[in-house]
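Each chain, written out:
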Amino acid sequence: MDGEDRRLDPLKSFTVNSFRLDPGIWRDLVSEEESQVMLNSFFNTQDYWTLFIFQHPDSGLSFSLHFPKNVQTKVICVSKSGPGVLTKENTRESLIIQEVQGEDALSFIIAVSEKVTCPLLSNPETSSTWAAGVAEEALRFMGRQKNEALVMKAHIEGQTFLPHPGALHDDALHDDTQRLSDMKLLHSCDSMIIEWAELVSEFLQQHSSQPVLDGLKPLPSEEFNFWRNRLNNLHFIQQQLMSSRAQRVASIVQKAESVYWSTLRDIHRDVQEGLKEAEDVTLNLTGLQEKLEQVEQVEYQQLGANVAAVMEAVRQVWIRSKFYCEPCRMVVLLQEICNLFIQMSREFLRVEEVMHGLVSDPAPVLDDVRLVIRTLQTFKEAYSQCRTQLESQNQNQSWDFPSHLAFSHLDKFLTRLHSIQEVLCDSLQLRQLDQTVLSGVSSRMWTDVVQGVYQDFLCHVTDLSQSNCDPTDPDDQSFQLHLDQFLVQVSDLDRRLVSVLSRAFEDCCVSSSAAKLVQMFRLILDRPLIQDQLHPHLIRLVEMVLVELDQTELLFFSQREKSETFSRFSPSAAARLCWTQQLRLRAEDALNSYRTIQHLCVDSGESQLVLQRFQNVVDLLQDFRDHVRLDWSRQLDSDCGFILEQPLIQHSQQGMLEVNCSHKLKGVLRELRCVSREGDVELHPHTARLLTCRDDVTHSYLSLSHMVSCYNQVVMDVLQVELPLIQDQQHDLNQTLSMLQTNTWSCEGVQHLVEQQRERVLMFHSTVCKARANMNDMIGIIQGWAELHLLQHSGESLLGGGASEQSYRQIREEGQQLLLLTQVNRRLYGVEESSESWIRYLDHIDDRLQHGLFQLLLRSLRFLSDSMNPQTCRGPLVAVRLQLQETGSVFEPSVGGDLLKTIITDIYRAASLPARISMSRYDNLQESLQQSPDLIALEQEVMRHVVQVKEEAEHLRAGLDRYSYLWLNDRKEMMQEFLTYSRQLGADKLEAEEAPPTLKDFQREIESFHRLSREVTHLDDVIVLHSWLQVDLRPFRDSLLLIIHDWSHMYTEFLLDSVSDSLEQVSRRADDDDVDDDDDDDDKAPSSSLPLTETILLLEAAGVQLPEHLSAQLQSVAVSQFRSASFRGAFEGQ
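Calculation rules
- Residues numbered from 1 in each chain as written.
- Predicted model: local features only at pLDDT ≥ 70, side-chain atom pairs only at ≥ 80, totals over all residues.
- Heavy atoms only, no water.
- Helix = DSSP H or I, 4+ residues; strand = E, 2+ residues; numbered from the N terminus.
- Buried < 20%, exposed > 50% of the residue type's maximum accessible area, 1.4 Å probe, protein only.
- Contact = heavy atoms within 4.5 Å.
- Areas by Shrake-Rupley, 256 points an atom, 1.4 Å probe, with all protein chains shown as cover.
- Patch = residues over 30% accessible without salt bridge, like charges linked within 9 Å, V, L, I, M, F, W, Y side chains within 5 Å.
- Salt bridge = Lys/Arg side-chain N within 4 Å of Asp/Glu carboxyl O.
- Lys, Arg positive; Asp, Glu negative; His and termini not counted.
- Charge placed at Lys NZ, Arg CZ, Asp CG, Glu CD.
- Pairing = 2+ DSSP bridges.
- Axes fitted to C-alpha atoms, helices over the stretch in contact; angles between N-to-C directions.
- pLDDT = per-residue confidence, 0-100.
- Polar contact = N/O pair within 3.5 Å; in protein donor to acceptor, adjacent residues only side chain to side chain.
- Phe/Tyr/Trp six-rings, centres within 6.5 Å; stacked < 30°, edge-to-face > 60°.

(A) Geometry of the overall build of the chain. When helices and strands are tallied, the chain shows 41 helices and 12 strands. A total of 1134 residues make up the chain; the buried ones form 44% of that total. In the chain, of all internal contacts separated by at least 6 residues, the share reaching a separation of at least 24 is 73%. For the chain, the exposed surface amounts to about 60,500 Å²; the carbon and sulfur share of it is 49%.

What follows is the structure in structure tokens.
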């Protein structure tokens, strides 16, 4: 049968569409030899009625003549509707094709057999044309097929189906005699009993340990499901055995005295015993099942607290169950519980996180691994406790089986976890090398070596993490191979680290540096190989600690009698105690250095020696401290008694106030503070009394110091003019302060008295300070005038003229502020305006005011003088303009004595702005200051500079008068002379002859004015005279250029008039009707004396353009002359 057989078309179409296959897959399937054999058996024989088409996960699309097992996907069931061979003609009518799920295929076969095939075969009309016996044989075949399908379906559902004899039908049940004599029926019943025995025996021989024997890792749930399904199936078998059909079969074999009657009774007995066993086991496993279900729901961190309850439930099963108390079953149950805990542990650890933790952060993963190990160890300990408890209670019920049978897989898992823990610990320890920096002579080189070790470790641990292995699977041996290789690589890294650490320990000269090195590599040093190699260096560190303790002891003996050893800022006794405390801390530091390696040293003798040496040093220091405390207590009591009898304040030799015994009192208070801090100094009566009120005494001392400081500040800083104003207040204050000179520190109410007097002194100090601050403000205002810019500048350097109004306003406002501040001070001092002391105070301020104004005027006049001095001036000070007027050139403003008079007047005016402060002086400040010799001398210096610059300015103006003829001469007269004599007449005016000007004369005059214009244009814009007077020549130059332009325009205007006259004459001649035939000169000029063409060219050279009307007139003349010339040429040709 090949792939072109048309009988396969219905199967091909249905299969390709159902499975959505490529047609090529169907062609490959039907071309296989095995497939062709099955297809021939189905299509060409009567032995097979059903064909199955399915997709197997491993082999792909397949055919089968029997129902496929373990197929969960859909199955195509192809059934025949009748016996016989299928041909091309009857294939479509004889085939029943249906798509069912894998688990529903058997139901489909059963349904087809019961509803379709068997009724057809039983119908006489259908089988009438068949050969004899064919229908009966086909019916028996379909019955066997249906029973096989029922048995297989029940098996898939976990049940055992007992098939019924095919000959046992309803019409054979009416006549018992006929039934007994029917050998076929008896044979059928015997066959069924044999099949029942096989099915029941096969089921009863099933054992829950089979998955374990098969090498699988079953869970407790499979054990529970096994016994629950066993119980249900036994009930199902019992129901079948008690059914009417089974009872009829029993009745038949019993009456026939069949040898299989005993077999049937054995089946009933075995089923009943199996029911008892299954019910007992299921009942006793229920408690364990519930407990395990609860355990599976809790967090893994709480699993360790529940394993004991799980083992107790297992023990109860062993004790209570009649059938389950067998070692083999208990071993299986424990193995399944171990498998459950292993599965929970692997889910908790997660393979990806374990492998990723090796590279990123091993600490959390290490904690999880340790938690899992503790939890599983707790489970094993709970097993041991239960086993011991069973042995102590009843020897007959003890677990006498070897423990390794139950925990072999768990022990392998724990071994793997310990390996993972070791790797994680290595990773965590070696990660400490990251960012490690060593110090010493060759620190850079050794640090690079350590970093190289760290980088190599990262490479190794990365390779291990990238291996495609499951580290939590104890059966995966490939991970163990990678792990062994990794451990070898880590051992090599340890040897490299030993060489670096050995050199680093050799460079340590004190124990603290070695201790820091140990602390830096604390995890690395715990590694056995490194610890063993570095043991000599650790012994050397112990020796260094002993040496430092000896040095501390020697330092104590050598320095204890030297006073310069102790701090100068603390009491001697307190400093000695502090010194001894520092020595103790030094000894403790050495001891702490030893304790960093104490866990690495196994020699207890060295440890005892270090502790003993440290205790000797501590005892020595403690004895010294006790002696110092005793002496300090006695001396301090004497000092406190002296202080309590001293008055509070006293007058010094300079007349100032001071706190009595200030230095000694501060020293006692400082010692009391040290005593309170020490806490173990014996207190004598005076010391105890002063210590109880130390805070009050300290506060009073600070208040007295502040009060005395304020009082002395007023006395020392007072001005002579201020002293009469405060002497009454000072006298009253001195009388009240006398109380403080008679009271001692032992008197009652000292603190209240001090506070009371302090308030009065502070009030007095505040009043004087406010008045003095006002005085300083007034002095600041007055002194600020000396820095005031009184003169106003325009631009960057030129003086705009006069003083600034803003400066005037500031002086006037600050003068009013001075008057206001004096009135404030009068109220502060509390004096009358008419008092003599107040009048002198105002005169003092007025003197300062007058001096300040003098400095302002002096600075302003000196500024003028310096700015006008060529050696000191920085630029122009005053600006004037040279202008050309009808009378000639003049300066604006005028350069003369009045040039700076206004500015000087404005400067002196500033002295009249502030009002006088004094009540006894009435003269004007400006008038008095103008009489100052210094100011008069500066003013004369300024005027001298003005005279000098005036002479230089006149010289400049005289130099520019060479152009005066341009604005002084009458242009009309000068033009008339030129037209008459062709030049400007001078002294030879009477002897000159008349000569009309030619175009060359006009050209000469015009060019002379152009040269003059260029000369004037190049005059400087600004000229600075005497380094301070800026003269602006631009107004003069602009006016002079206008005059020169007027002169030049006068000549060009004459020429334009000449051109205009000439054009008018030419136009009149062109209008004449008579043509002079004898006139052969076509270019004859008009009656004007100047040639027209040359005149126009001269004007163009001078930059003068013809007006529009002259240009139009010139064009008209040119056209007329052209026409006239053409007419004459035509006449002459005739």
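Structure's up, so let's keep going.
(B) The arrangement of a negative patch on the surface in detail. Taken together, D22, D28, E32, E33 and E34 make up a surface patch of like negative charges. With a relative accessible area of 59%, E34 lands in the exposed category.

(C) A look at the environment of F401. With respect to the secondary-structure elements, F401 resides in the loop between α17 (362–393) and α18 (403–430). The buried category is assigned to F401, whose relative accessible area is 5%. The contacts of F401, once residues within four sequence positions are left out, are P327, M330, V331, L334, Y383 and R387.

(D) Spatial organisation of the sheet that holds strand β11 (residues 1022–1025). The four strands are arranged β10-β9-β12-β11 in an open sheet whose pairing can be described as mixed. The strands lining the two open edges of the sheet, one partner per strand, are β10 (888–892) and β11. The sheet shows a mean angle of 25° between the axes of neighbouring strands, taken without regard to direction. Here strand β9 (residues 878–885) pairs with strand β12 (residues 1029–1032) via four bridges, running parallel.

(E) Representation of the confidence of the model for the chain. Model confidence for the chain is summarised by a mean pLDDT of 79, while 78% of its residues fall at 70 or above. Confidence over residues 169–181 falls short of pLDDT 50; this stretch has eight contacts with residues more than four positions distant or in other chains. Every residue in residues 1077–1088 is under pLDDT 50, and counting partners more than four places away or in other chains gives 11 contacts.

(F) Region of interest: the side chain of E223. On the secondary structure map, E223 appears in helix α11 (residues 220–241). The side chain of E223 is buried and forms no salt bridge, while R329, the nearest opposite charge, is found at 6.4 Å. A polar side-chain atom of E223 sits 3.0 Å from a polar atom in the side chain of W227. E223 has contacts with S208, L285, Y324, V332, L333 and E336, leaving out every residue within four places of it along the chain.

(G) Geometry of the pairing of β10. Pairing geometry for β9 and β10, over five bridges, is antiparallel. Residue pairing in the sheet places L884 in a bridge with S889 of β10. Taking the residues that link successive antiparallel strands as the turn, the β9-β10 hairpin has two residues.

(H) Local environment of the packing of aromatic side chains. Taken as a whole, this structure holds 22 aromatic pairs when the rule is applied. Ring plane angle 35° and centroid distance 6.1 Å describe the contact between W399 and F401, whose orientation is recorded as tilted. Ring geometry for F457 and F486: centres 6.5 Å apart, planes at 50°, overall tilted. Taken as a pair, F457 in helix α19 (residues 443–465) and F486 in helix α20 (residues 477–507) lie far apart in primary sequence, 29 residues in all.

(I) Here's a closer look at the side chain of E722. Inspection of the secondary structure puts E722 in the loop between α28 (694–717) and α29 (723–742). Exposure remark for E722: the relative accessible area of 1% places this residue in the buried category. Discounting residues that sit within four places of it in the chain, E722 has contacts with R772, Y829 and Y841.

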